[in-house]
Amino acid sequence: MPRIAPLDPDAAPPDARAAADAHVRNHARMTNMKRTLLQSLPAFNALMAWYSLRDTVQPFLGERLTTLFAHAISAETDCLICSTFFRRMLIQTGENPERLRLDERETAVLEFGRALAVSPFKVADEVYQPLTRYFSPAQIVALTAFGAMMVATNVVNNALDIELDEYLQPYRKGVRESAGTTVNRT
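Conventions used here
Every residue gets a number counted from 1 within its own chain, in the order that chain's sequence is written. Given that the model is predicted, a residue must reach a pLDDT of at least 70 before its local features are reported, and side-chain atom pairs must reach 80 or more before they are shown or counted; all residues, however, enter totals for whole chains, interfaces and linings. The side-chain quantities take in all heavy atoms of the structure and omit both hydrogens and water. Starting at the N terminus, helices and strands are each numbered in turn, a helix being any DSSP run of H or I of at least four residues and a strand any DSSP run of E of at least two. To get the radius of gyration, use the C-alpha atoms; to get the globule rule, take the number of residues to the power 0.38 and multiply by 2.2 Å. Only protein chains enter the calculation, and the probe is 1.4 Å; a residue is then buried if its accessible area is under 20% of its type maximum, exposed if over 50%, and partly exposed in between. A helix is expected to span 1.5 Å multiplied by its residue count minus one. Contacts between residues were defined by any pair of non-hydrogen atoms, one from each residue, lying within 4.5 Å. In these notes, a set of buried Ala, Val, Leu, Ile, Met, Phe, Trp, Tyr and Cys residues joined through side-chain atoms within 4.5 Å is what counts as a nonpolar core. Each Phe, Tyr or Trp ring (for Trp, its six-membered ring) is paired with any other whose centre lies within 6.5 Å, and the angle between the two planes then decides the class: stacked below 30 degrees, edge-to-face above 60, tilted in between. Any Lys NZ or Arg CZ found within 6 Å of a ring centre and within 35 degrees of that ring's normal is scored as a charge over the ring. Only C-alpha atoms enter the line fits that serve as axes; for helices the fit covers just the stretch in contact. Angles between N-to-C directions range over 0 to 180 degrees. Comment on the angle field: the value is read as roughly parallel under 35 degrees, roughly antiparallel over 145, roughly perpendicular from 65 to 115, and oblique elsewhere. In the scheme used here, Gly and all other residues not listed as nonpolar or charged are polar, with Ala, Val, Leu, Ile, Met, Phe, Trp, Tyr, Cys and Pro taken as nonpolar and Asp, Glu, Lys and Arg as charged. We call two N or O atoms a polar contact when they sit within 3.5 Å, provided that within protein one can donate a hydrogen and the other can accept it, with sequence-adjacent residues counted only if both atoms are side-chain atoms.

A. Region of interest: the overall build of the protein chain. A tally of regular secondary structure across the protein chain gives 11 helices and 0 strands. Relative to the globule expectation of 16 Å for 186 residues, the C-alpha radius of gyration of the protein chain, 17 Å, shows essentially globular dimensions. Each principal axis of the C-alpha distribution contributes one length, and for the protein chain these read about 50 × 40 × 30 Å. Taking all 186 residues of the protein chain together, 44% fall into the buried category.

B. Summary view of helix α1 (residues 14–26). Given a rise of 1.5 Å per residue, 13 residues ought to cover 18 Å, and the 18 Å separating the end C-alpha atoms of α1 matches this to within 8%. Looking at the buried residues of α1, the elements they touch are α2 (32–37), α3 (41–47) and α4 (50–61).

C. Focus on unusual backbone geometry. The phi dihedral of Asp78 is positive, around 60°, even though this residue is not glycine. On the secondary structure map, Asp78 appears in the loop between α5 (63–76) and α6 (80–92). Unusually for a residue other than glycine, Asp161 sits at a positive phi of about 50°. Position of Asp161 relative to the elements: it lies in the loop between α10 (137–159) and α11 (175–178). Take Asp161: its relative accessible area is 35%, and that puts it in the partly exposed class.

D. Inspection of the nonpolar core at higher detail. Ranked by internal contacts, the top residues of the largest apolar core, which has 52 residues, are Leu38, Phe44, Leu61, Phe69, Val109, Phe112 and Leu131. Breaking this core down by element, the ones donating at least two residues are α1, α2, α3, α4, α5, α6, α7 (104–118) and α10. The biggest single contributor to this core is α10, with 8 residues. What Leu131 contacts, discounting residues up to four positions off in sequence, is Ala108, Val109, Phe112, Ile140 and Leu143.

E. Summary view of the environment of Ser52. Turning to its location among the elements, Ser52 is positioned in helix α4. On the basis of relative accessibility, which here comes to 42%, the residue Ser52 falls in the partly exposed class. Taking the C-alpha atoms as reference, Ser52 lies 20 Å from Phe112; in sequence the two are 60 residues apart.

F. Summary view of the packing of aromatic side chains. Here the structure, examined in full by the defined rule, presents 7 aromatic pairs. With centroids separated by 5.0 Å and ring planes inclined at 90°, the aromatic side chains of Phe85 and Phe86 adopt a geometry described as edge-to-face. Looking at Phe86, the relative accessible area reads 4%, which means it is buried. If you follow Arg29 out to its NZ or CZ, it ends over the ring of Tyr167, 3.6 Å from the centre.

G. Quick look at the packing of α6 against α10. Running from N to C, α6 and α10 cross one another at 125°; their axes reach a closest spacing of 8 Å. Here α6 is positioned oblique relative to α10, judged by the angle of their axes. Packed against α6, whose contacting residues are Leu80, Ile81, Cys82 and Phe86, the element α10 presents Met150, Thr153, Asn154, Asn157 and Asn158 at the interface. For the contact of α6 with α10, a count of residues per class yields 5 nonpolar, 4 polar and no charged.

H. Molecular detail of α7. Over its 15 residues, α7 extends 21 Å from the first C-alpha to the last, a length consistent with the 21 Å expected when each residue adds 1.5 Å. What α7 keeps buried is the set Glu106, Ala108, Val109, Leu110, Phe112, Gly113, Ala115, Leu116 and Ala117. Backbone nitrogen of Arg105 and a side-chain oxygen of the N-cap are separated by 3.1 Å at the start of α7; the cap is Asp103.

I. Representation of the environment of Leu7. The topology assignment puts Leu7 in the segment before α1. For Leu7, a relative accessible area of 15% corresponds to the buried category. Measuring from C-alpha to C-alpha, the distance between Leu7 and Met33 comes to 9.7 Å, with 26 residues separating the pair along the chain. Residues contacting Leu7, with those up to four places away along its chain left out, are Ala12, Pro13, Ala16, Arg35, Thr36, Leu38 and Gln39.

Remember, this is a structural readout, not a statement about activity or role.
Structure, rendered in structure tokens:
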């Protein structure tokens, strides 16, 4: 049971309705998390900056690694909504989230993401240093901010017990595996 009911955009104040309409037009569907955030328009606007940060890191990470990074953070924080959302994206592109094949660059990025999820207050030098072999200072700053926004999104979902959207139910960890529909990346 969610702690805060998601706002019905049709019954929302005009500014919240306009924000929801613009989000659907420019980015994606309105999920339970986004509808909950609409209870506070500044909160909604702040966390929807995730999209511009994603658009900043995706050109140098690539689509796959951007998704893997967000998934690693979300899985590490045990965020049902975000980890399931990114599991869905990985599965739909032919990945098996339980059996990923990673190169050194990808491993460095995912280890950094997991470190942000566990303790964003201090990332160990041995986790940070490998990033410097692959990315510029500006890229590392953008990656860190994107990771921090991912952590913030996970915190909101977990703290408010936001319910998993129905369209994500088939992608929950364990659901597809028990149905015999795991996939392997080739």
